[in-house]
Amino acid sequence: MREKILIVDDETKIVKMVRTALEKEGYVTVEAYDGEAALELLGREHPDLVVLDILMPRLDGFEFCRRARGMSAAPIIILSAMSEESDKLVGLELGADDYMTKPFSPRELVARVRAVLRRYHGREEAEGPLVRGPLLIDTDMHRVEFGGIALSLTLTEFDILLIMASSPARVFSRRELMEAAQGEYFEGYERTVDSHIGSIRKKLSETACEWSLIETVYGVGYRFEVEEKG
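Reference entry: report on the structure contained in this document. (Residues numbered from 1 in each chain as written. Predicted model: local features only at pLDDT ≥ 70, side-chain atom pairs only at ≥ 80, totals over all residues. Heavy atoms only, no water.)

**Some points on the pattern of salt bridges**
Heads up, the condition is: When a carboxyl oxygen of Asp or Glu lies within 4 Å of a side-chain nitrogen of Lys or Arg, that pair is called a salt bridge. What counts as a helix is a DSSP run of H or I of at least four residues, what counts as a strand is a run of E of at least two, and both are numbered from the N terminus. Remark: exposure states derive from per-residue accessible area (1.4 Å probe, protein chains only) relative to the maximum for the residue type, with buried under 20%, exposed over 50%, and partly exposed in between.
This structure, assessed with the given rule, holds 23 salt bridges. The residue Arg112 makes a salt bridge to Asp98 at a minimum N-O spacing of 3.0 Å. With Arg112 in helix α5 (residues 106-121) and Asp98 in strand β5 (residues 98-101), the pair connects residues that are 14 residues apart, well separated along the chain. The same class applies to Arg112 and to Asp98, which are both buried. Among the ionic pairs, Arg143 bridges to Asp138, the shortest N-O distance being 3.3 Å. Through salt bridges that share partners, Lys4, Glu40, Arg44 and Glu45 make up one connected network.

Given below as structure tokens:
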């Protein structure tokens with residue numbers, strides 16, 4: 001089955017450009033021109049990935065990200081004319097998996113879509129679920145359970161947790177985690193790791209499982225440790 005991409009932008013010419021580039025590569029597309037309509041399509045069409053503008057009527061892209069993360073784990077690529085580092089940080093902290101600025105190359109956008117979907121779907125070397133104490137990470141099904149309770153993680157959160165759990169006790173710098181999670185298109189926003197880690201910890205803490213998994217190593221980064229809370 002061909003993968004489905006939701007394109008969200010209030011500029012018709014941008015939607016057309018993105019749609020043409022993606023459909024040429026075999027993707028199916030659905031389009032929305034404001035954030036409210038996009039949320040409706042997200043719930044109804046269950047796209048594999050979202051290409052999202054920020055400045056839109058009715059509901060902007062930042063608020064869309066915030067609400068979408070309560071509905072879906074589908075990867076989000078922000079495509080926006082807002083190019084300040086602070087804007088990129090906000091988008092990534094709200095759950096976006098990549099951020100491109102306009103004007104853009106349709107060829108590069110397609111490459112990034114492929115890369116993000118490959119991260120989401122294509123872990124060919126998986127050898128079954130990874131188990132660390134009460135944590136289970138199933139890469140084939142893109143599923144995480146903590147104490148038997150399913151967690152809803154974004155793609156980047158999933159990858160960060162998987163990377164750390166695969167090498168327990170190793171200390172990872174912020175840059176190492178972002179480069180491992182976002183690959184060749186990582187653009188250097190290392191501080192977003194703190195937000196991703198904070199979100200993972202919050203989701204873990206909402207379960208009844210009395211374990212602490214991610215330890216901060218001040219001045220360095222983070223490490224994964226399976227320790228029962230005292």
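**Concerning unusual backbone geometry**
With an omega of -5 degrees, the peptide bond between Lys102 and Pro103 qualifies as cis. Secondary-structure assignment places Pro103 in the loop between β5 and α5. Of note, the phi angle at Arg58 is positive, near 70 degrees, even though the residue is not glycine. Of the residues examined, Arg58 reaches a relative accessible area of 62% and is grouped as exposed.

**Thoughts on the sheet that holds β5**
This is how the line gets drawn: Each pair of strands is called paired provided DSSP finds at least two bridges between the two strands. Structural elements are reduced to axes, namely lines fitted to C-alpha atoms, with helices fitted over the stretch in contact, and the angle between N-to-C directions of any two is expressed from 0 to 180 degrees.
On the basis of which strands lie adjacent, the open sheet formed by five strands has the order β2-β1-β3-β4-β5 and parallel pairing. Of all the strands in the sheet, just β2 (28-32) and β5 have a single pairing partner and so form its edges. Strand-to-strand twist across the sheet, computed as the mean angle between neighbouring axes with direction ignored, equals 20 degrees. For strand β4 (residues 76-80) and β5, the ladder comprises four bridges, and the chain directions are parallel. If you follow Ser80 over to β5, its bridge partner there is Thr101.

Purely geometric stuff here, so don't read any function into it on its own.
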